[in-house]
Amino acid sequence: MSAKLERLCQKLKEVLGVRIGEPVLKLGEVAIECAGADYLEIARTLRDHPELRFEQLIDLSGIDYSAYPGWQGKRFAAVSHLTSVTHNWRLRLKAFPADDAFPVLPTVTVVWSGADWYEREAFDLYGIMFEGHPDLRRILTDYGFVGHPFRKDFPVSGHVEMRYDPEQQRVVYQPVTIEPREVTPRIVREENYGRG
């Protein structure tokens, strides 16, 4: 581990203490985890503390760990990638909602305004609710869409399909009528393929 990353890990432990556990260094980046109840306070501290100064939220996404091999923790997480321009540091922050049946986290739009659309995307695709979000509604799927398509238990073919009905002269929604099938590609090669 580089001296710079060791210094970051040490500062995180000093400032945030037991709320984050032990920082993990993976793939050249430091990652920390926190409970959903501490998420907003930790985000504010990461931004405002003079020895950390993570001023910029680069990305925020949801994760569903339900199909992750050997995973024993909470099912959902919101993962934020942060950058400190002041100290030239990067950090991955994972926040786990308390309830897997109805995952709720506080919004971090009050800390980083750029989290707005990212949180809407995590809500739309994973069903993670962000309490206090100024405009939490679907962003990638249709308003009448049922379910959250990036959840591991979401059916591959979806629940409903949309089609144009010429008799009614409008778009109608109906239960999915696609039969599940497996398509195996056929590979065709010339007889002398790959030979001089």
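Residues numbered from 1 in each chain as written. Predicted model: local features only at pLDDT ≥ 70, side-chain atom pairs only at ≥ 80, totals over all residues. Heavy atoms only, no water.

Undergrad: Tell me about the layout of surface pockets, residues and numbers included.
TA: Where empty space is left in the structure can be found by rolling a water-sized probe over the atoms. What the largest pocket holds in volume is close to 320 Å³. If you go around the largest pocket, you meet 15 residues; those closest to its centre are Lys26, Ala31, Glu33, Tyr65 and Lys94. The greatest single-element share of the lining of the largest pocket, amounting to 3 residues, is contributed by strand β2 (residues 29-35). A class-by-class count of the residues in the lining of the largest pocket yields 10 nonpolar, no polar and 5 charged. (1 Å grid on protein atoms, 1.4 Å probe; cavity = no way out; pocket = protein on both sides within 12 Å on 5 of 7 lines; lining within 4 Å. Points joined across faces, edges and corners; volume = space filled by probe spheres on them. Helix = DSSP H or I, 4+ residues; strand = E, 2+ residues; numbered from the N terminus. Nonpolar A, V, L, I, M, F, W, Y, C, P; charged D, E, K, R; others polar.)

Undergrad: Can you tell me about a nonpolar patch on the surface, naming the residues and giving the values?
TA: On the surface, Val160, Met162, Tyr164, Val171 and Tyr173 cluster together to form a nonpolar patch covering roughly 520 Å² of accessible area. Elements with a contribution of two residues or more to the nonpolar patch: β8 (160-165) and β9 (170-175). When residues of the nonpolar patch are assigned to their parent elements, the largest contribution, 3 residues, is made by β8. Tracing the backbone through its elements, the reader meets Tyr164 in strand β8. Judged by relative accessible area, Tyr164 falls into the exposed class, the value being 51%. (Patch = residues over 30% accessible without salt bridge, like charges linked within 9 Å, V, L, I, M, F, W, Y side chains within 5 Å. Areas by Shrake-Rupley, 256 points an atom, 1.4 Å probe, with all protein chains shown as cover. Salt bridge = Lys/Arg side-chain N within 4 Å of Asp/Glu carboxyl O. Buried < 20%, exposed > 50% of the residue type's maximum accessible area, 1.4 Å probe, protein only.)

Undergrad: Provide a residue-level description of the pairing of strand β5 (residues 89-96), including the pertinent values.
TA: Burial runs high along β5: 7 of the 8 residues are buried. The sheet contact formed by strand β4 (residues 76-84) and β5 spans 7 bridges and is antiparallel. For Ser84, the partnering residue across the bridge sits in β5 and is Trp89. In this antiparallel pair of consecutive strands, β4 and β5, the connection spans 4 residues, and Asn88 shows a positive phi of 60°. (Pairing = 2+ DSSP bridges.)

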